[in-house]
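# Coordinates in review
What follows is each chain in one-letter form.
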Amino acid sequence: MTIKSVMRFVTHRITRHPDSEVTVTARCLNPDCTWEVEPTADVAKADVDCMVHKGATGHGIFARRYEDVAVVVRDE
Ligand SMILES: [Zn+2]
């Protein structure tokens with residue numbers, strides 16, 4: 001039995017999809033709190049919202065998640 005394989009190396013690159021934008025979510029890590037920032041592309045406003053939450057509650061630690069849509073294209 002003969003196994004043949006064809007290996008073809010093609011260069012690809014990955015970038016943010018041109019129709020997408022970075023979104024951020026933030027969730028308060030205080031164990032008694034469920035406050036969170038809904039996903040938004042306004043990263044600066046999400047930061048301000050966290051600071052306002054700190055001012056109102058004293059909670060100052062947040063899990064932040066940034067997300068974008070990536071696309072891989074073949075380099076021609
Ligand atoms: Zn909180």
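Overview of the structure. Everything numeric in this text was worked out from a predicted model, so none of it was measured.

With that settled, consider a nonpolar patch on the surface. On the surface, V48, M51 and V52 cluster together into a nonpolar patch covering about 290 Å² of accessible area. Tracing the backbone shows V52 in helix α1 (residues 43-57). For V52, a relative accessible area of 53% puts it in the exposed group.

Moving on, we come to the coordination of the zinc ion. Binding of the zinc ion to the protein goes through C28 (SG), C33 (SG), H53 (NE2) and H59 (ND1), at separations of 2.1 to 2.4 Å. One way to put it: the 4 donor atoms around the zinc ion meet at angles of 106 to 114°, and that makes the site tetrahedral. On the primary sequence, the residues serving as donors to the zinc ion are separated as C-x4-C-x19-H-x5-H. Note that C33 is positioned in the loop between β2 (23-28) and β3 (36-40) and H59 in the loop between α1 and β4 (62-67), a separation of 26 residues in sequence. A single burial state applies to C33 and to H59, both of which are buried.

This part is about the nonpolar core. In terms of nonpolar packing, the biggest core is built from 5 residues, these being V24, A26, V37, A46 and C50. Counting only elements with at least two residues in this core, the list comes to β2 and α1. Those residues in contact with A46 that sit more than four places away from it in its chain are V24, V37 and T40.

Our next topic: α1. The terminal C-alpha atoms of α1, which comprises 15 residues, lie 21 Å apart, in line with the 21 Å expected from a rise of 1.5 Å per residue. By the burial criterion, the buried members of α1 are A46, C50 and H53. The buried residues of α1 occupy an angular sector of 60° when the element is viewed end-on, so they sit on one face. Counted as exposed and oriented over 90 degrees from the buried face of α1: A44, M51, V52, G55 and A56. Where α1 is buried, its residues meet β2, β3 and β4. The positive-phi residue at the C-terminal boundary of α1 is G58, with phi of around 85°.

Cut-off values and rules
- Each chain carries its own residue numbering, running from 1 in the written order of its sequence.
- It should be noted that, the model being predicted, local features are given only for residues of pLDDT at least 70 and side-chain atom pairs only at 80 or more, the latter also being counted only at that level, while totals for whole chains, interfaces and linings use all residues.
- Side-chain numbers here rest on the full set of heavy atoms in the structure, without hydrogens or water.
- In this scheme, patches are assembled from residues that exceed 30% relative accessible area and form no salt bridge. Like charges are connected within 9 Å, while nonpolar side chains (Val, Leu, Ile, Met, Phe, Trp, Tyr) are connected within 5 Å.
- Working definition of accessibility: Shrake-Rupley area with a 1.4 Å probe, residue cover restricted to the visible protein chains.
- Basic side-chain nitrogens of Lys or Arg form a salt bridge, by our definition, when they fall within 4 Å of a carboxyl oxygen of Asp or Glu.
- Strands are runs of DSSP state E lasting at least 2 residues, helices are runs of H or I lasting at least 4, and numbering of each runs from the N terminus.
- Only protein chains enter the calculation, and the probe is 1.4 Å; a residue is then buried if its accessible area is under 20% of its type maximum, exposed if over 50%, and partly exposed in between.
- Here the term donor refers to an N, O or S atom within 2.8 Å of the metal (or 3.2 Å for Na, K and Ca), and because water is left out of the atoms, sites may appear incomplete.
- Sites are called tetrahedral only when four donors show all angles between 85 and 135 degrees, square planar or octahedral only when four or six donors show opposite pairs over 155 degrees and all other angles between 65 and 115, and irregular in any remaining case.
- The term nonpolar core refers to a set of buried residues drawn from Ala, Val, Leu, Ile, Met, Phe, Trp, Tyr and Cys, joined through side-chain atoms within 4.5 Å.
- By the convention used here, residues are in contact when the closest approach between their heavy atoms is within 4.5 Å.
- To estimate the expected span of a helix, subtract one from its residue number and multiply by 1.5 Å.
- It is the directions from the helix axis to the C-beta atoms that the arc portrays.

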